[in-house]
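Summary of structural features
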Amino acid sequence: MAKGRESLRTLAEIMADFTFSLSYDSIPAQVRSAARRHLADSMACALGAYHTAAAEKVRRYALEQGGCAEATIIGTDREVPAGLAALVGGTMVRYLDANDIYVFSRGGPSGHFSDGTPALLALAEKYQSSGEELLTCLVASYELQGALAESFNFWDCGLHAETNVAWVVPIVAARLMGATPEQAVHACGLSVATGTVFNTWLRPGHNVPMIKGVAVGMALERALEAAGLAQLGVTATEDALETVFSSLGPLSASAIDPTYVEKLGSRWTTTRNMIKVYPAQLYTQAAIEVVLRLYRDGIRAGKVRKFILYGHRNVCGGVQGSPAAFAPASQEAADHSTPYVMAMALLSGRLTSREYDGAPWKTAEVKAVMAKIELVRDAERDRALDAQGILGVRLVAELIDGRTEEIIVHQPRGHPDQPLSEAELVEKMTWLLEDLVPPDTPGRLLDLCSRLSTPEDVNELVEACHVTKS
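Residues numbered from 1 in each chain as written. Predicted model: local features only at pLDDT ≥ 70, side-chain atom pairs only at ≥ 80, totals over all residues. Heavy atoms only, no water.

Regarding the side chain of Thr441
If you trace the backbone, Thr441 turns up in helix 20 (residues 441–450). At 2.9 Å, the side chain of Thr441 and the backbone oxygen of Pro438 are in polar contact. The residues contacting Thr441, other than those within four sequence positions of it, are Leu433 and Ala464. (Helix = DSSP H or I, 4+ residues; strand = E, 2+ residues; numbered from the N terminus. Polar contact = N/O pair within 3.5 Å; in protein donor to acceptor, adjacent residues only side chain to side chain. Contact = heavy atoms within 4.5 Å.)

Some points on the packing of helix 19 (residues 422–433) against helix 20
Here helix 19 crosses helix 20 at 125°, and the two axes come no closer than 8 Å. As judged from the angle between their axes, helix 19 and helix 20 are oblique. As helix 19 runs across helix 20, the sense of the crossing is right-handed. Along the contact surface, helix 19 presents Glu422, Leu425, Val426, Met429, Thr430 and Leu433, while helix 20 presents Thr441, Pro442, Leu445 and Leu446. Among the residues forming the contact of helix 19 with helix 20, the class breakdown is seven nonpolar, two polar and one charged. (Axes fitted to C-alpha atoms, helices over the stretch in contact; angles between N-to-C directions. Parallel < 35°, antiparallel > 145°, perpendicular 65-115°, else oblique. Left-handed = near helix turned anticlockwise from the far one by under 90°. Nonpolar A, V, L, I, M, F, W, Y, C, P; charged D, E, K, R; others polar.)

With respect to the packing of aromatic side chains
Here the structure, examined in full by the defined rule, presents 10 aromatic pairs. A centroid spacing of 6.3 Å and a plane angle of 55° characterise the contact between Phe18 and Trp268, whose relative ring orientation is tilted. Here Phe18 is found in helix 1 (residues 11–21), whereas its partner Trp268 is found in the loop between helix 11 (259–262) and strand 4 (273–274), with 250 residues between them in sequence. Within the aromatic cluster, the residues linked to one another by ring pairs are Tyr102, Phe104, Phe113 and Tyr142. Lying over the aromatic face of Phe104, Arg106 brings its terminal NZ or CZ to 4.4 Å of the ring centre. (Phe/Tyr/Trp six-rings, centres within 6.5 Å; stacked < 30°, edge-to-face > 60°. Lys NZ or Arg CZ within 6 Å of the ring centre and 35° of its normal.)

What to know about unusual backbone geometry
If a residue is not glycine, its phi is most likely negative; likewise, a peptide bond is most likely trans. A positive phi angle is found at Asp97, which is not glycine, with a value near 55°. Inspection of the secondary structure assignment puts Asp97 in the loop between helix 4 (82–95) and strand 3 (101–102). Of note in this structure, Ala359 is not a glycine but carries a positive phi near 55°. Among the structural elements, Ala359 can be located in the loop between helix 16 (338–348) and helix 17 (364–371).

Here we look at the sheet that holds strand 5 (residues 304–311)
The mixed open sheet is built from four strands, whose spatial order is 6-5-7-8. Strand pairing shows two members of the sheet lacking a second neighbour, strand 6 (373–377) and strand 8 (404–409), which therefore form its edges. Neighbour-to-neighbour, the strand axes of this sheet turn through a mean angle of 15°, independent of strand direction. Sheet topology places strand 7 (residues 393–399) next to strand 8; six bridges connect them, and they run antiparallel. Bridge pairing in strand 8 places Arg394 opposite Ile408. Strand contacts of helix 12 (residues 285–296): strand 5, strand 7 and strand 8, with the helix running at about 140° to strand 8, the strand carrying the most contacts. (Pairing = 2+ DSSP bridges.)

Considering the packing of helix 12 against helix 16
The geometry of helix 12 relative to helix 16 is characterised by a closest axis approach of 9 Å and an angle of 25° between their N-to-C directions. Comparing the axis directions of helix 12 and helix 16 gives the class roughly parallel. Considering only the axes of helix 12 and helix 16, their crossing is right-handed. Residue-level contacts link Ala287, Ile288, Val291, Leu292 and Tyr295 of helix 12 to Thr338, Val341, Met342, Ala345, Leu346 and Ser348 of helix 16. By residue class, the composition of the contact of helix 12 with helix 16 is nine nonpolar, two polar and no charged.

Function cannot be read off these values alone, since they describe shape.
As structure tokens, then:
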């Protein structure tokens, strides 16, 4: 950074210094291992969304734009400019709401740090980066987003958490492009000024449109533009983050604490990202799990008179538990609906992406089961969420024969306190990739990510993500 400014470093400068000084060997082994698992999970999540309407539309857009053949559109053998590849990949990774999410040791709204992965993969392919360099930049991206998430409550200010990835990716992208730390700071400034994502779609009482996933892709495309312009000498303000925090701070119920950014490299947060088991919103994961336990015990929807779910405000209220959640009108709304995912899990004995095919939320059968569900906000669970980050729920099922069944989940599977085994991760990847790729692909992807090292390994990973079945 500029001479004489060491004691006055801005947040963006601290973040750039961390990113550019980070080496693969300096990353703790457990953090590297987590990054490899998250990369495999992200690729499967992207491929699982290959045939969704949103993915097909942005893929068509990218192909029609054409341009330099720099990076492969995930799932295809077609190459487009890196920004367009990131647009498509970002939309796909995010669309099913199956990708990983950061969880605090206390309660609080978070974000999906893997949202940024498609942009980094596109640049690694374009610049023929090594697998170790890609993983190093992936860790940098997760750690920067973790520091920002801990520092500032985006949601309370009306921003979507995708803002986090929009501000972080330009810094990490600058490293992959071969830019300088100073240029990375300007890239961040450009994106803060032009790439902020407002929360216009996640509101109680409103259905969720396609923008939920497409916004990620659009933010990534703009982030790579910011990094490319900064590398060419386009400048912004070095203190853009401080400026926006001071402007939005009074709107936030949470204090702004920049010390989390200052601790980069002395604390690691990549391992605090949850690999979700089910393609549904974070706070619904425990609700799905209790219903599936009921199903495995032999209880079917027709045997139940009433379901009472006791949970915190984010599973029994908000978007997930609002009156509109009992009548979702789109897939984007259905995967954020506690009653819908509970009903489908009980009817199907599972909850995968297939449980959204054909708009089941419109059927009389699903509506009838949702009508049996009562959501009860529990003050004690609110306190446990805020103090300890407990995401669990209690389900009471009143059966028609007069019996009562009760099931409690303390933390859902996939949570850092209940991590998935390798077999469980492969199981998730298998249903995501069903009818898209050869049967051995889930294991192959996990193996590729586990040994990712050279530029050739990156190319092999991209090739392994080619959809072979229509």
